[in-house]
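Report on the structure
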Amino acid sequence: MSHSTPVDRPASESPDAAPTQVAGQPSAHPSRTTELASLKIRLRAALRQFPDFPSPGILFEDILPIFIDPTLHEALIRSLELHVLQSGNGQKPDVIVGLEARGFLIGPSLALRLGASFVPVRKQGKLPGPCETQAYDKEYGQDFFQMQCGSIKPGQKVVIVDDIIATGGSAAAAGELVKKMGGSLLGYVFILELEFLKGRDKLQAPVFTLLAGQEGKTT
Ligand SMILES: O=P(O)(O)OC[C@H]1O[C@H](OP(=O)(O)OP(=O)(O)O)[C@H](O)[C@@H]1O
Ligand SMILES: Nc1ncnc2[nH]cnc12
Ligand SMILES: [Mg+2]
């Protein structure tokens, strides 16, 4: 099949009726849990999959249709906001860190909702001034991430957001940069987790994902 043709997700890959509970976190407020569960069903239905993009063997998960529909876009940001509000033992983040590029689609809106700063992690060579740099591997390649020195103050509480966690390489590198800045990492938030790649095992802070996918895949 051409990589320009999206495929339907089988019903067996729709395990999202209940929120993913992170061990050690308090249980959710019941009405928020119900709201989150119904939002997740709508978000799941919007995702599209493209086989062999950007390279053979990769089943690409396209999150962009969410942003075409303003009601879904709103539902996404509300879902992430609800999660952050009901987790972290009552600690609200001072800073939301978003990863270039798709993390920029959600990070600033979430930061505004939470009354937090937004700070970008960018790919090497895009940020002016002194930067910290971290190399990383991802599902389909290698890259370098950077943050501007001083963009997080020592001790500030940070949540890292991105669209997808695959191998966890990108998120782990962002976590290293936050650590180099002296930030205190409360956790990670993703729309979708490719569980078969076990990316969360690379991360040193609690991980929340709205949706899980590609459970049957092994390579
Ligand atoms: O868990 P990993 O294996 O590190 O992969 C996940 C990352 O890969 C994609 O980013 P990518 O840099 O490919 O594209 P983007 O610039 O469109 O965000 C995705 O948006 C995540 O950031
Ligand atoms: N399978 C995938 N689909 C979309 N983005 C990704 N980033 C890493 N792996 C991905
Ligand atoms: Mg990305």
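Residues numbered from 1 in each chain as written. Chains lettered and ligands numbered in written order. Predicted model: local features only at pLDDT ≥ 70, side-chain atom pairs only at ≥ 80, totals over all residues. Heavy atoms only, no water.

1. Looking at the state of the cysteines
By the definition in use, this model includes zero disulfides. Left without a disulfide partner, Cys131 is nearest to the cysteine sulfur of Cys149, which lies 6.2 Å away. Judged by relative accessible area, Cys131 falls into the partly exposed class, the value being 22%. (Disulfide = S-S within 2.5 Å. Buried < 20%, exposed > 50% of the residue type's maximum accessible area, 1.4 Å probe, protein only.)

2. With respect to the side chain of Gln146
With respect to the helices and strands, Gln146 occurs in strand 6 (residues 141-148). Residue classification places Gln146 among the buried residues on the basis of a relative accessible area of 9%. At 2.9 Å, the side chain of Gln146 and the side chain of Thr133 are in polar contact. Not counting residues within four places of it along the chain, the set of residues in contact with Gln146 comprises Pro120, Val121, Arg122, Lys123, Gln124, Gly125, Lys126, Leu127, Cys131, Glu132, Thr133 and Leu177. (Helix = DSSP H or I, 4+ residues; strand = E, 2+ residues; numbered from the N terminus. Polar contact = N/O pair within 3.5 Å; in protein donor to acceptor, adjacent residues only side chain to side chain. Contact = heavy atoms within 4.5 Å.)

3. Thoughts on the site of ligand 1
Near ligand 1 there are 16 residues, and of these Lys123, Asp162, Asp163, Thr167 and Ser170 occur at the shortest range. Ala101 has a polar backbone atom sitting 3.1 Å from an oxygen atom of ligand 1. The side chain of Asp163 places a nitrogen or oxygen atom 2.6 Å from an oxygen atom of ligand 1. Structurally, ligand 1 is housed in the largest pocket. Elements supplying a minimum of two residues to the shell around ligand 1: strand 7 (157-165) and helix 5 (169-181). In terms of residue count, the dominant contributor to the shell around ligand 1 is strand 7 (four residues). (Near = heavy atom within 4 Å. 1 Å grid on protein atoms, 1.4 Å probe; cavity = no way out; pocket = protein on both sides within 12 Å on 5 of 7 lines; lining within 4 Å. Sits in = over half its atoms within 2 Å of the grid points.)

4. Side note on the layout of surface pockets
Estimates place the volume of the largest pocket at around 410 Å³. Forming the walls of the largest pocket are 27 residues, and the residues nearest its centre are Arg102, Lys138, Tyr140, Ile164 and Ser170. Considering every element that reaches the lining of the largest pocket, the biggest residue donor is strand 7, with four residues. Its residues assigned to classes, the lining of the largest pocket comprises 14 nonpolar, four polar and nine charged. (Points joined across faces, edges and corners; volume = space filled by probe spheres on them. Nonpolar A, V, L, I, M, F, W, Y, C, P; charged D, E, K, R; others polar.)

5. Overview of the side chain of Ser87
The residue Ser87 is located in the loop between helix 3 (70-86) and strand 3 (95-99) in this model. The class for Ser87 is buried, based on a relative accessible area of 9%. One polar contact links the side chain of Ser87 to the main-chain carbonyl oxygen of His83, over a distance of 2.9 Å.

6. Some remarks on helix 4 (residues 107-114)
Looking at helix 4, one finds that the buried residues are Gly107, Leu110, Ala111 and Leu114. Taken down its axis, helix 4 places every buried residue within 100 degrees of arc, on the same side. Packing partners of the buried residues in helix 4 comprise helix 3, strand 3, strand 4 (117-123) and strand 7. The positive-phi residue at the C-terminal boundary of helix 4 is Gly115, with phi of around 65 degrees. (Arc of directions from axis to C-beta.)

7. Some words on the UniProt feature "domain: Phosphoribosyltransferase" (unreviewed entry) in the protein chain
What UniProt calls "domain: Phosphoribosyltransferase" (unreviewed entry) maps, in this numbering, to residues 75-187. Here residues 75-187 is 29% helix and 36% strand, with 21 Å between the C-alpha atoms at its ends. (UniProt positions renumbered as here; feature names shortened; annotations may be inferred.)

8. Comments concerning the sheet that holds strand 9 (residues 207-213)
Ordered in space as 5-6-4-3-7-8-9, the seven strands form an open sheet in which the pairing is mixed. Single-partner strands in this sheet number two, and they are strand 5 (131-138) and strand 9. Between one strand and the next, the sheet's axes are offset by a mean angle of 20 degrees, whatever the strand orientation. By the bridge criterion, four bridges tie strand 3 to strand 7 in an arrangement that is parallel. Bridging from a neighbouring strand, Val97 pairs with Ile160 of strand 7. Across the sheet, helix 5 touches strand 3, strand 4, strand 5, strand 6, strand 7 and strand 8 (184-194), and the angle it forms with strand 5 is around 160 degrees. (Pairing = 2+ DSSP bridges. Axes fitted to C-alpha atoms, helices over the stretch in contact; angles between N-to-C directions.)

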